[in-house]
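# Coordinates in review
What follows is the residue order along each chain.
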Amino acid sequence: DLLALTLIAAPLIKVVNGEPEGGVAELTFTEGENIRFVVESDVADHVHLHGYDVFQDVPAGGKVEFNVPATIPGVFEVELEDRVVPLAEITVEPG
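Residues numbered from 1 in each chain as written. Predicted model: local features only at pLDDT ≥ 70, side-chain atom pairs only at ≥ 80, totals over all residues. Heavy atoms only, no water.

### Some details on the nonpolar core
Applied cut-off: Joining through side-chain atoms within 4.5 Å is the link that ties buried Ala, Val, Leu, Ile, Met, Phe, Trp, Tyr and Cys residues into a set, and such a set is a nonpolar core. With a 1.4 Å probe rolled over the protein chains alone, any residue whose accessible area is under 20% of its type maximum counts as buried; one over 50% counts as exposed, and the rest are partly exposed. Strands are runs of DSSP state E lasting at least two residues, helices are runs of H or I lasting at least four, and both sets are numbered from the N terminus onward. By the convention used here, residues are in contact when the closest approach between their heavy atoms is within 4.5 Å.
I35, F37, V47, L49, L87 and I90 are the most contacted members of the largest nonpolar core, which totals 25 residues. Looking at this core element by element, the count peaks at five residues for strand β9 (residues 85-93). When neighbours within four sequence positions are excluded, F37 is seen to be in contact with A10, P11, I13, L27, V64, E65, F66, V78 and I90.

### A few points about the sheet that holds strand β7 (residues 62-69)
As a reminder, the rule being used: In this scheme, strands are said to pair when DSSP sees at least two bridges between them.
Pairing in this open sheet of four strands is mixed, and the strands run β2-β1-β4-β7 from one edge to the other. Looking at strand neighbours, the two that pair on one side only are β2 (19-20) and β7, the edges of this open sheet. Bridge count between strand β1 (residues 12-16) and strand β4 (residues 34-41): four bridges; the pairing is parallel. Of the residues in β4, the one forming a bridge with V15 is S41.

Okay, here's the thing in structure tokens:
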């Protein structure tokens, strides 16, 4: 069913040559949901979700999935920490 598919599929941010393919992603979630996205990267780096202070190491040619409870409303940046390259802008709207 559609709801199950929605819960399974997380937005994909693809990093090519150290840059987000198609530019900085804009993702919106509602407080109480989970912030979910996948970063697939051709470079090794730390992926940092600011505001929530969640880091994950992504290996070159690998991927990492974020699944974080949306508890803080606001706008937050996701970046390749070492390269200081923004990947996404996450908006958490009040529930």
